[in-house]
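What follows is the residue order along each chain.
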Amino acid sequence: MSNLIDSIRAFILTCPLLQDGRVNVDYVGEEMGYSIDPLTCDPIIQKYTDGGAKKQFQFAFTSQEEYDQDARINIENSGFFQAFDEWLEEQSFNGNFPGLDDGKIPISLETLNSGYLYDVNGINAKYRIECRLIYAQEV
């Protein structure tokens, strides 16, 4: 049995855009890498009369990338998040979702905003895009 963050991490590891396939949870590290960071939100979108619900799990997909005054590098970093957004949209459109258990049925996986520069630390910068998985919880 896995939880939502495990399922999302395993799903994102299938993304062909990831350069080294290393995806952490709540940790990017000092070198280039990726992280899935759970965000606070009200998990209930809608309650059903049978006791089930439509729920959401929000998370930020964060990457640490090379950063400097060279516009080319920073454009590449922003382009990665545009491509990641398009990849998520395509997966959701095709019904390709993280594997869920415990009566959870995935409905959609979407981004909530465009990727943006989150933090600069010397020669590296953190970029993030906020996402959410919407799913039905059966009783």
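As a starting point, this report considers the structure included with it.

Calculation criteria
- Residues numbered from 1 in each chain as written.
- Predicted model: local features only at pLDDT ≥ 70, side-chain atom pairs only at ≥ 80, totals over all residues.
- Heavy atoms only, no water.
- Core = buried A, V, L, I, M, F, W, Y, C linked by side-chain atoms within 4.5 Å.
- Buried < 20%, exposed > 50% of the residue type's maximum accessible area, 1.4 Å probe, protein only.
- Helix = DSSP H or I, 4+ residues; strand = E, 2+ residues; numbered from the N terminus.
- Contact = heavy atoms within 4.5 Å.
- Salt bridge = Lys/Arg side-chain N within 4 Å of Asp/Glu carboxyl O.
- Pairing = 2+ DSSP bridges.
- 1 Å grid on protein atoms, 1.4 Å probe; cavity = no way out; pocket = protein on both sides within 12 Å on 5 of 7 lines; lining within 4 Å.
- Points joined across faces, edges and corners; volume = space filled by probe spheres on them.

1. Section: the nonpolar core
Turning to step 1, where the next piece is worked out: Residues I12, L18, I36, F59, F61 and F84 are the most contacted members of the largest nonpolar core, which totals 27 residues.
Turning to step 2, where the next piece is worked out: Counting residues per element, the ones that place at least two in this core are helix 1 (4–12), strand 2 (33–38), strand 4 (53–66), helix 2 (71–93) and strand 7 (124–137).
Turning to step 3, where the next piece is worked out: Ranked by residue count, the leading element in this core is strand 7, at 6 residues.
Turning to step 4, where the next piece is worked out: Ignoring anything within four residues of it in the chain, the contact list for F61 reads I12, L18, Y34, S35, I36, F80, F81, F84, Y127, R128 and I129.

2. Considering the pattern of salt bridges
Turning to step 1, where the next piece is worked out: Applying the stated criterion across every chain yields a total of 2 salt bridges.
Turning to step 2, where the next piece is worked out: Linking R132 and E110 is a salt bridge whose minimum nitrogen-to-oxygen distance equals 2.5 Å. Placement of the pair is R132 in strand 7 and E110 in strand 5 (residues 104–111), with a sequence separation of 22 residues.
Turning to step 3, where the next piece is worked out: The exposure class assigned to R132 is partly exposed, which follows from its relative accessible area of 21%.
Turning to step 4, where the next piece is worked out: By relative accessible area, E110 is classed as partly exposed at 27%.

3. Notes on the side chain of Q64
Turning to step 1, where the next piece is worked out: Topologically, Q64 is positioned in strand 4.
Turning to step 2, where the next piece is worked out: Overall, Q64 belongs to the buried group, its relative accessible area being 4%.

4. Examining the pairing of strand 2
Turning to step 1, where the next piece is worked out: Within strand 2, 5 of the 6 residues are buried, leaving the element largely enclosed by the surrounding structure.
Turning to step 2, where the next piece is worked out: Here strand 1 (residues 23–25) pairs with strand 2 via 3 bridges, running parallel. Within strand 2, the position partnered with N24 by the bridge is S35.
Turning to step 3, where the next piece is worked out: In this sheet, strand 4 lies alongside strand 2 in antiparallel orientation, the contact comprising 6 bridges. Bridge pairing in strand 4 places D37 opposite A60.

5. A closer look at the pairing of strand 3 (residues 44–47)
Turning to step 1, where the next piece is worked out: Taken together, the 3 bridges between strand 3 and strand 4 define a ladder with antiparallel strand orientation. Counterpart to I44 in the pairing with strand 4 is K55.
Turning to step 2, where the next piece is worked out: Counted along the chain from strand 3 to the antiparallel partner strand 4, the turn is 5 residues long, and its residue G51 has a positive phi close to 100 degrees.

6. Section: the layout of surface pockets
Turning to step 1, where the next piece is worked out: The calculated volume of the largest pocket comes to roughly 230 Å³.
Turning to step 2, where the next piece is worked out: Taken together, Q19, D20, M32, G33, Y34, Q64, E65, E66, I73, E76, N77 and F80 make up the lining of the largest pocket.
Turning to step 3, where the next piece is worked out: Only strand 2, strand 4 and helix 2 provide two or more residues apiece to the lining of the largest pocket.

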